[in-house]
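Overview (structure and organization)
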Amino acid sequence: SQTIHQWPATLVQPVGSPLSLECTVEGTSNPNLYWYRQAAGRGLQLLFYSVGIGQISSEVPQNLSASRPQDRQFILSSKKLLLSDSGFYLCAWSVGLGTDTQYFGPGTRLTVL
Amino acid sequence: KNEVEQSPQNLTAQEGEFITINCSYSVGISALHWLQQHPGGGIVSLFMLSSGKKKHGRLIATINIQEKHSSLHITASHPRDSAVYICAVPFGNQFYFGTGTSLTVIP
């Protein structure tokens, strides 16, 4: 069966520090991968998606970047965190884009102080 | 302008009540997702539907593509149904999400 892992579960970082969140998927090949953010009191926002190794699409301009160095690994990064980067970050995977069921990871709660 | 609108934003129900959550969208789509977010933050995909109705246990989802409207129903609600319910529509390579309906079911 397929599983999706995210770490860390929680993170407190100072403004200006770097960020690296990791997501890995097991039990499937060539998944579509997604990074979402949920800011406090707000809805989910799609940040990045990837249809294959090295292929990253960004949906919103921001302080973050994503990379997919391996088929089942998706990394969210920042060189310098902003206060506004605080939120709940979710990784997800699907077989197809859009019209396929998405499977979400447990999330990382990031607080930038 | 929100492409996806949900109502109500908050809902409190007594255990056993029939619950309806509504989702309206403004973009042309071929499918719609209903998600459930538990108090701890984890999200589970409940339904993906493109027409008609789907049922899973006590949950029923309906969609009317022409009217751009979907509903999520919970029959015989239970306190463990307490969660935030989110509808999402894929449009091209984007996803538009509703802001969610926070449901609390009281024993």
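The structure reproduced in this document is the subject of the present report. (Residues numbered from 1 in each chain as written. Chains lettered and ligands numbered in written order. Predicted model: local features only at pLDDT ≥ 70, side-chain atom pairs only at ≥ 80, totals over all residues. Heavy atoms only, no water.)

When charged atoms on two side chains of opposite charge get close, those side chains can pair. Using the criterion set out here, one finds three salt bridges over all chains in the structure. Between A:Arg68 and A:Asp71 there is a salt bridge, with its nearest N and O atoms 3.2 Å apart. The closest approach of N and O atoms between B:Arg58 and B:Asp81, which form a salt bridge, is 2.8 Å. You can see B:Arg58 sitting in the loop between strand S6 (52-56) and strand S7 (59-64) and its partner B:Asp81 sitting in the loop between strand S8 (69-74) and strand S9 (83-91), a full 23 residues away along the chain. B:Arg58 sits in the partly exposed class, given a relative accessible area of 25%. (Salt bridge = Lys/Arg side-chain N within 4 Å of Asp/Glu carboxyl O. Helix = DSSP H or I, 4+ residues; strand = E, 2+ residues; numbered from the N terminus. Buried < 20%, exposed > 50% of the residue type's maximum accessible area, 1.4 Å probe, protein only.)

This model, assessed by the stated rule, comprises two disulfides over all chains. Note on cysteine connectivity: A:Cys23 is disulfide-linked to A:Cys91, with sulfurs 2.0 Å apart. Between A:Cys23 and A:Cys91, the disulfide has an S-S torsion of -75° and is therefore left-handed. Of the two residues, A:Cys23 sits in strand S3 (residues 19-26) while A:Cys91 sits in strand S9 (residues 87-94), which places them 68 residues apart along the sequence. With respect to burial, A:Cys23 and A:Cys91 carry one shared label: buried. Note on cysteine connectivity: B:Cys23 is disulfide-linked to B:Cys87, with sulfurs 2.0 Å apart. Across the S-S bond linking B:Cys23 and B:Cys87, the dihedral sits near 75°, which makes this disulfide right-handed. (Disulfide = S-S within 2.5 Å.)

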